[in-house]
Amino acid sequence: MSKLAINGGTPVRETMLNRSWPGAQLYDEKEARALYDVCMSKSPFRYYGINKPNMVNSFEHNFSQKIGVKNALAVTSGTAAVVVALKAAGIGPGDKVIVPACTFVATAGAVICAGAVPVFADVDDTLNIDPKKIGNVVDKYTKAVITVPLLGNPCQMDEIVKEAKKYNLIVIEDVAQSMGASLNGKCMGTWGDLGTFSLQMNKLITTGEGGIIVTDNDKMYERAVRYHDQGMFRTKEGFLTEDAENVLIGQNYRMSEFTGAAACVQLEKLDTIISNNKRIKKILKQELSGINGITFKRVIDEEGDVASALVTFLPTKEKAREFINAVRAENVFFASQYNGLPVYMIPQIFHKKTIDKNGFPFNQFDEEIVYTEDMCPVAMELMPRNAFIFISPDFTDKEIEDIITAVKKVAAEIL
Ligand SMILES: *Cc1c(COP(=O)(O)O)cnc(C)c1O
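Now for a description of the structure that goes with this document. (Residues numbered from 1 in each chain as written. Predicted model: local features only at pLDDT ≥ 70, side-chain atom pairs only at ≥ 80, totals over all residues. Heavy atoms only, no water.)

**Digging into the side chain of Asp-130**
So, step 1. Structurally, the position occupied by Asp-130 is in the loop between β3 (117–121) and β4 (142–147).
So, step 2. Other than its neighbours up to four places away in sequence, Asp-130 contacts Asp-122, Val-123 and Asp-124. (Helix = DSSP H or I, 4+ residues; strand = E, 2+ residues; numbered from the N terminus. Contact = heavy atoms within 4.5 Å.)

The structure is reproduced here in structure tokens:
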């Protein structure tokens with residue numbers, strides 16, 4: 001094999017291959033036209049205006065149909081979606097919520113924003129929550145579990161729902177990274193009580209910012225609508241329903257018509273993105289399997305994997321670091337998901353640095369909440385060894401070939 005670029009050799013590619021914004025990369029005149037139409041309607045607000053385009057409403061309708069759920073509510077972000085879902089489920093101060101050891105900081109942050117505290121359940125070799133570990137972290141305060149299918153990879157929702165029933169836990173699915181992923185043909189986000197999604201730029205489809213919540217539970221849907229809109233329950237036609245009994249004090253997490261319009265167009269592109277991702281991931285796995293020292297993250301349902309990324313494990317933390325640096329020098333952008341750390345090791349979470357006084361909401365229990373490095377040993381063992389590459393639905397054959405060549409070249413030298 002030729003000399004590695006990191007040692008002064010010629011890189012496999014001349015320019016860095018790093019594309020992780022699938023939805024935005026596929027923007028074309030359709031999104032532009034949809035935004036233009038909202039502009040010309042002079043009605044950018046979802047609930048009133050002169051010629052209301054009702055794009056947020058359409059997005060909610062189309063999304064709920066697509067993933068197979070009764071109610072959908074669009075909001076301003078994926079984080080807002082988790083906060084509103086928690087509030088819709090009645091979670092707040094004095095409650096604990098189980099969060100997977102491996103997720104984006106937003107999942108744990110949303111729990112704290114809702115006034116509850118996260119406790120962490122370990123993962124298995126899918127890097128998703130291990131259903132068998134849920135029971136370990138349940139106590140009298142625990143009210144809910146949040147599942148997070150990472151980078152397109154579905155969670156074992158059948159077993160998780162069973163475990164949650166045992167302990168009377170509400171199930172919220174934070175599907176921010178895996179829109180369209182499924183287990184046995186049933187979409188992530190529809191197994192639990194509520195599901196949440198993000199439209200931020202790193203996700204499968206995007207409007208820059210945005211989110212959506214789904215639920216089959218009408219009561220939770222109504223609470224979500226109220227909480228996201230100053231306590232009001234506007235019907236789908238946009239009228240305000242007066243209801244002294246069910247009013248509550250809410251926030252504003254409403255989506256604008258501009259976002260709704262772009263979201264409608266992006267949603268139509270989701271299937272193409274997913275099928276291209278799956279095709280590319282299949283090639284990469286085929287070509288890179290059997291390399292000594294590289295294993296793939298386990299996928300429980302290949303059909304239901306939306307293939308946002310190819311995630312690998314190297315033999316050690318040091319090898320993972322070396323591999324990532326060497327492949328990057330070949331101009332193929334591998335990275336370590338979450339810097340190789342479980343989410344609870346992020347300093348603000350580990351040290352419980354909330355913005356509120358007296359350590360709220362961690363001060364709501366008759367015991368101290370303590371996070372320790374070794375509380376999720378599988379996550380602590382696996383995360384430092386991960387190296388992944390985002391899959392882009394528009395990777396060309398040449399680009400796919402470059403990834404394969406770079407990985408093989410580096411593996412031959414360092415593994
Ligand atoms: C991105 C992400 C979020 C937050 O979504 P935003 O739209 O950026 O607020 C929440 N949870 C997970 C797992 C994510 O990946």
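**Some thoughts on the pattern of salt bridges**
So, step 1. In total, this model carries 30 salt bridges according to the counting rule given.
So, step 2. For Glu-31, the salt bridge goes to Lys-269, with nearest N and O atoms at 2.9 Å. Of this pair, Glu-31 sits in helix α2 (residues 29–41) while Lys-269 is found in helix α8 (residues 257–288), placing the two residues 238 residues apart along the sequence. As far as burial versus exposure is concerned, Glu-31 and Lys-269 are alike and both buried.
So, step 3. Taken together, the shared-partner salt bridges in this structure form one network comprising Arg-13, Lys-398 and Asp-402. (Salt bridge = Lys/Arg side-chain N within 4 Å of Asp/Glu carboxyl O. Buried < 20%, exposed > 50% of the residue type's maximum accessible area, 1.4 Å probe, protein only.)

**As for the pairing of strand β8 (residues 194–198)**
So, step 1. For β8, the buried fraction is high: five of the five residues fall into the buried class.
So, step 2. Side chains Leu-194, Thr-196 and Ser-198 of β8 all project onto a buried face; the interleaved residues Gly-195 and Phe-197 project onto the opposite face, where all are buried too.
So, step 3. In this structure, strand β5 (residues 170–174) lies alongside β8, joined through three bridges in parallel fashion. Of the residues in β8, the one forming a bridge with Glu-173 is Gly-195. (Pairing = 2+ DSSP bridges.)

**With respect to the sheet that holds strand β1 (residues 71–75)**
So, step 1. Spatial ordering of the open sheet is given by β1-β9-β8-β5-β4-β2-β3, a layout of seven strands whose pairing is mixed. Here the strands that pair on one side only, and so sit at the sheet edges, are β1 and β3. Sheet twist, expressed as the mean angle between neighbouring strand axes with direction ignored, is 25°.
So, step 2. Alignment of strand β2 (residues 96–100) against β3, held across five bridges, turns out to be parallel. Directly across from Lys-96, in β3, lies its bridge partner Val-117. (Axes fitted to C-alpha atoms, helices over the stretch in contact; angles between N-to-C directions.)

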